[in-house]
Amino acid sequence: MIIKAQKGTKDVLPEEYIQWKNILNKADEIFKYANFKQISTPIFEATELFKRGVGDSTDIVNKEMYTFEKSERSITLRPENTAGVVRAYLEHNMQREIQPVKLWYFGPMFRYERPQAGRQRQFHQLGVEMFGIEDASADADCIYTAVKFFEAVGLKNLSVELNSLGCNSCRNKFREKIKNLIEPVLSELCFDCQKRFSTNPLRILDCKNETCKQIFDEKQILEKISHIELCEECSTHYSQLKSHLDMLNVKYIENPFLVRGLDYYTRTVFEIKSENLGSQNAVCGGGRYDNLVETLGGPKTPAVGWAVGMERLYSLTEKDNVKNIDYFVISDNISEALKLTNEIRNRNKTAEMDYSKRKFTKQIEKASKIADFAVIIGESEIAKHTITIKNLKNFEQTEIDRDIFISSIN
Ligand SMILES: [Zn+2]
Ligand SMILES: [Zn+2]
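Keep in mind that this is a model prediction, so the values were computed, not measured.

Caption draft 1: Structural view of the overall build of the chain. When you go through the chain residue by residue, the secondary structure sums to 16 helices and 16 strands. Here the chain has a C-alpha radius of gyration of 28 Å; the compact-globule value for 410 residues is 22 Å, and the former is much larger. Structurally, the chain occupies a C-alpha span of about 90 × 55 × 50 Å along its principal axes. Within the chain, counting contacts between residues at least 6 apart in sequence, those at least 24 apart form 69% of the total.

Caption draft 2: Structural context of the domain arrangement of the chain. Entries for the chain in the domain assignment read domain 1 (14-166 + 234-316), domain 2 (167-229) and domain 3 (325-408). The gap between the C-alpha centroids of domain 1 and domain 2 is 25 Å. On the domain 2 side, the residues contacting the 10 residues of domain 1 number 14 residues. For the side of domain 1 that touches domain 2, the residue count by class is five nonpolar, three polar and two charged.

Caption draft 3: Layout of the packing of helix H5 (residues 136-152) against helix H10 (residues 232-247). Look at H5 against H10: their axes get within 8 Å of each other, and the N-to-C directions meet at 40 degrees. Judged by the inter-axis angle, H5 sits oblique to H10. As for the relative orientation of H5 and H10, their crossing is right-handed in sense. Side by side, H5 and H10 meet where Ala-136, Ser-137, Asp-139, Ala-140 and Ile-143 of the first sit next to His-237, Gln-240, Leu-241, His-244 and Leu-245 of the second. Per-class residue counts for the contact of H5 with H10 are five nonpolar, four polar and one charged.

Caption draft 4: The pairing of strand S11 (residues 303-309), seen in detail. The element S11 is extensively covered by neighbouring structure, given that seven of its seven residues are classed as buried. Residues Ala-303, Gly-305, Ala-307 and Gly-309 line one face of S11 and the alternating positions Val-304, Trp-306 and Val-308 line the opposite face, and both faces are buried. In the sheet, strand S6 (residues 122-131) pairs with S11 via seven bridges, with the strands oriented antiparallel. In the sheet register, Leu-126 faces S11, and the bridge partner there is Val-308. Summarising the sheet, strand S10 (residues 281-288) and S11 pair through five bridges and their orientation is antiparallel. Across the sheet, Arg-288 pairs through a bridge with Val-304, a residue of S11.

Caption draft 5: Looking closely at the nonpolar core. Core analysis: the biggest nonpolar cluster contains 72 residues, and Val-128, Met-130, Cys-142, Ile-143, Ala-146, Phe-150 and Ile-272 have the highest contact counts within it. If one sorts the elements of this core by residue count, H5 sits on top with nine residues. Looking at which domains feed residues into this core, each of domain 1 (14-166 + 234-316) and domain 2 (167-229) supplies at least three. For Cys-142, the contacting residues outside a window of four places in its chain are Val-128, Met-130, Gly-286, Val-304, Gly-305 and Trp-306. Counting residues in each nonpolar core, the second largest holds 19 residues, with Val-329, Ala-337, Ala-351 and Ala-374 among its members.

Caption draft 6: Layout of the packing of helix H1 (residues 14-33) against H5. Relative to each other, H1 and H5 sit at 145 degrees, their axes nearing to 10 Å. Crossing hand, H1 versus H5: right-handed. Along the contact surface, H1 presents Lys-26, Ala-27, Ile-30 and Phe-31, while H5 presents Thr-145, Lys-148, Phe-149 and Ala-152. Residues that form the contact of H1 with H5 fall into these classes: five nonpolar, one polar and two charged.

Caption draft 7: Representation of the sheet that holds S11 in the model. As summarised here, the arrangement of the eight strands in space is S1-S5-S6-S11-S10-S9-S7-S8, forming an open sheet in which the pairing is mixed. Every interior strand has two partners, whereas the edge strands, strand S1 (37-38) and strand S8 (252-254), have only one. Sheet topology places S1 next to strand S5 (residues 101-110); two bridges connect them, and they run parallel. The residue bridging Gln-38 from the neighbouring strand is Trp-104, located in S5.

Caption draft 8: Main features of the environment of Leu-90. Inspection of the secondary structure assignment puts Leu-90 in helix H4 (residues 82-91). For Leu-90, a count of 17 C-beta atoms within 10 Å gives the class partly exposed. Put simply, Leu-90 and Glu-294 are 204 residues apart on the chain and 9.9 Å apart in space, counted from C-alpha to C-alpha. Apart from the residues within four sequence positions on either side, Leu-90 is in contact with Val-293, Leu-296, Gly-297 and Gly-298.

Caption draft 9: Quick look at the sheet that holds strand S3 (residues 66-70). Pairing within the open sheet is antiparallel, and its three strands lie in the order S2-S4-S3. Unpaired on one side and paired on the other, strand S2 (44-46) and S3 mark the two borders of the sheet. Averaged over neighbouring strand pairs, the angle between their axes works out to 35 degrees when direction is ignored. Pairing of S3 with strand S4 (residues 73-77), which is carried by five bridges, proceeds in the antiparallel orientation. Paired with Phe-68 across the bridge in S4 is Ile-75.

Caption draft 10: Summary view of the pairing of S5. For S5, a buried count of eight out of 10 residues is recorded, marking the element as mostly surrounded by other parts of the structure. Here S5 pairs with S6 via 10 bridges, running antiparallel. Paired with Phe-106 across the bridge in S6 is Leu-126.

Caption draft 11: Fine view of H4. Judged by how many residues are buried, H4 sits mostly within the fold: seven of 10 residues are covered. Within H4, the full set of buried residues consists of Thr-82, Ala-83, Gly-84, Val-85, Val-86, Arg-87 and Tyr-89. Contact partners of the buried residues in H4: S2, helix H2 (47-53), S5, S6, helix H11 (292-295) and S11. Asn-93 sits one or two residues past H4 and shows a positive phi near 50 degrees.

Reading the values: rules and limits
Residues numbered from 1 in each chain as written. Chains lettered and ligands numbered in written order. Predicted model: local features only at pLDDT ≥ 70, side-chain atom pairs only at ≥ 80, totals over all residues. Helix = DSSP H or I, 4+ residues; strand = E, 2+ residues; numbered from the N terminus. Rg over C-alpha atoms; globule rule 2.2 N^0.38 Å. Contact = placed C-beta atoms within 7 Å. Domains from an automatic or database assignment. Nonpolar A, V, L, I, M, F, W, Y, C, P; charged D, E, K, R; others polar. Axes fitted to C-alpha atoms, helices over the stretch in contact; angles between N-to-C directions. Parallel < 35°, antiparallel > 145°, perpendicular 65-115°, else oblique. Left-handed = near helix turned anticlockwise from the far one by under 90°. Buried ≥ 20, exposed ≤ 12 C-beta atoms within 10 Å, placed from the backbone. Pairing = 2+ DSSP bridges. Core = buried A, V, L, I, M, F, W, Y, C linked by C-beta atoms within 7 Å.

Written out as structure tokens, the structure reads:
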């Protein structure tokens, strides 16, 4: 019996990987200009890092982590990369470097989720983190970089949804307001909301449970909650962010109920949506997390970042055709074929051979399916130090000197 890939995991096949690479090359280019440097952190970390970093009250930590014991240590496959990047920032004393420190990452993440369309247990995220700047220009710069990147990979009709969750004191007041409004209907809400009521009441606002949504509707709870009242500093920060985005020509919509699934966000939170392929899809989420570095044992350090799921991004981008091989070398002399094939490759062209002594007609038949040109080097060509080049579209062919052929490839 053939062993199959695990539920919620997927092979990235060669055709798909061509597009992944296109996307990653764009990331490399756009992020380089914006002075983000790539970092790669281990795929497993101490479980404690995610409990403290992502937050004990989140679904990710409560339900979705792959945690195991090894030598009496509790280890977890990373469910996201921000906590790991913050750990690396602290472990390598990057807070002593010139700020901001701007990093980007790409790699697999792991969450034990019910596999459904677009949700994998092993999925890939690409993201940026920017440390050391509290000013709203950092938030605007990160958002702008994201928009530039998504435009570069061909996403259309991008829109940014924006909200501010304020600082701890703004949030505490907001939390009380939510609790007061929710308390009378609490017993009718879903189990998760009942739990969130004490751990993280803000999360009740984006509950996806139909019953909960209906109750919110009937009692006009969201209207009553309306929006977070920001303190003066947070309010200034938020309006500065909006004016920076205006200046950069980034269109945004304010969404007072955008809270994001993670505990660590402070002030700015945002999502970027694209209208590719019909429906509106959130491709990217992020925000500011001014307390996280401190929560993980470092000095107080403001930070902002975002992440995007590679599988989602891939599904929204146009696919390139798989390119033909440039030259297919045909010969019944395997060693001559091997030599010529690699001479062509050394001129930076894609070349392939048959690795056999099969009849030329068989070799040409194969070549015409996958290559643009056949390069024939039979006994007579070898004797004359020539090759015969055959255009596999129109089957025109010419015989030329072997050295002239090689030097003409560019
Ligand atoms: Zn505040
Ligand atoms: Zn609920």
